[in-house]
Amino acid sequence: PRVASIRQQKISSIIKRELALIFQQESRNLFEGRFITVTIVRVSSDLGLAKTYISFLAVKDPKAELKKVNAVSNQIKHLLAQKVGKQLRRVPDLNFYLDDSLDYYEEIDRLLKE
């Protein structure tokens, strides 16, 4: 894969930081108090799309929770626009994906201990 430009990296960093705050501040209103962590944000080369990887803490069905987050992605984008409007000319569309790397590491750890 192509290496992200410095601009893409900066925008990814800004979006990751602000989304983390949004998930923290809006958790009770939008996500039933769920603890959601933003792990990775990758911005497309045209800066029009931000692939955002998130993980959930202590949730039985992460895929169902992910659907809920994607269902309010326009609201999240609006909140993000209010925070970064001065820094970014255009706020990218947000696509949320499940970051299951922690589950993967835990499974590997469990297998190694057997």
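Summarised in this report is the structure supplied together with it. (Residues numbered from 1 in each chain as written. Predicted model: local features only at pLDDT ≥ 70, side-chain atom pairs only at ≥ 80, totals over all residues. Heavy atoms only, no water.)

## Observations concerning the pattern of salt bridges
Counted by the stated rule, this structure contains seven salt bridges. With its nearest N and O atoms 3.8 Å apart, the salt bridge here joins Arg17 to Glu18. The partly exposed category is assigned to Arg17, whose relative accessible area is 42%. Classification of Glu18 as buried rests on a relative accessible area of 12%. Residue Asp93 is joined to Lys77 by a salt bridge in which the shortest nitrogen-to-oxygen separation is 2.7 Å. With Asp93 in strand 3 (residues 93-98) and Lys77 in helix 4 (residues 73-84), the pair connects residues that are 16 residues apart, well separated along the chain. Given the relative accessible area of 38%, Asp93 is considered partly exposed. Each of Glu32, Arg34, Glu65 and Lys68 takes part in salt bridges that share partners, so that together they form one network. (Salt bridge = Lys/Arg side-chain N within 4 Å of Asp/Glu carboxyl O. Buried < 20%, exposed > 50% of the residue type's maximum accessible area, 1.4 Å probe, protein only. Helix = DSSP H or I, 4+ residues; strand = E, 2+ residues; numbered from the N terminus.)

## Some thoughts on the packing of aromatic side chains
All chains considered together, the criterion is met by three aromatic pairs. On the basis of an interplanar angle of 50 degrees and a centroid distance of 5.2 Å, the ring pair of Phe23 and Phe31 is categorised as tilted. Given a relative accessible area of 2%, Phe23 falls into the buried group. A relative accessible area of 4% places Phe31 in the buried class. Seen from their ring centres, Phe23 and Phe96 are 5.9 Å apart, and the 70 degrees between their planes marks the pair as edge-to-face. Here the residue Phe23 occupies a position in helix 1 (residues 6-25), and Phe96 occupies one in strand 3, the gap between them amounting to 73 residues. Taking the relative accessible area as the measure of exposure, Phe96 reaches 3% and is therefore buried. Joined through ring pairs, the aromatic side chains of Phe23, Phe31 and Phe96 make up one cluster. (Phe/Tyr/Trp six-rings, centres within 6.5 Å; stacked < 30°, edge-to-face > 60°.)

## Details of a nonpolar patch on the surface
There is a patch of nonpolar side chains on the surface, built from Tyr104, Tyr105, Ile108, Leu111 and Leu112 and spanning about 570 Å² of accessible area. Within the fold, Leu111 resides in helix 5 (residues 101-113). (Patch = residues over 30% accessible without salt bridge, like charges linked within 9 Å, V, L, I, M, F, W, Y side chains within 5 Å. Areas by Shrake-Rupley, 256 points an atom, 1.4 Å probe, with all protein chains shown as cover.)

## Quick notes on the environment of Arg7
Counting through the fold element by element, Arg7 comes out in helix 1. Residues Arg7 and Leu112, spaced 105 residues apart in sequence, show a C-alpha to C-alpha distance of 40 Å.

## Describing the packing of helix 1 against helix 4
Their axes nearest at 10 Å, the elements helix 1 and helix 4 cross at an angle of 120 degrees. Relative to helix 4, the element helix 1 is oriented oblique. The two elements helix 1 and helix 4 cross, and the hand of that crossing is right-handed. When helix 1 is examined against helix 4, the residues Ile14, Ile15, Glu18, Leu19, Ile22, Phe23 and Gln25 are found in contact with a partner set consisting of Ile76, Leu79, Leu80, Lys83 and Val84. Looking at the contact of helix 1 with helix 4 residue by residue, the class counts come to nine nonpolar, one polar and two charged. (Axes fitted to C-alpha atoms, helices over the stretch in contact; angles between N-to-C directions. Parallel < 35°, antiparallel > 145°, perpendicular 65-115°, else oblique. Left-handed = near helix turned anticlockwise from the far one by under 90°. Contact = heavy atoms within 4.5 Å. Nonpolar A, V, L, I, M, F, W, Y, C, P; charged D, E, K, R; others polar.)

Purely geometric stuff here, so don't read any function into it on its own.
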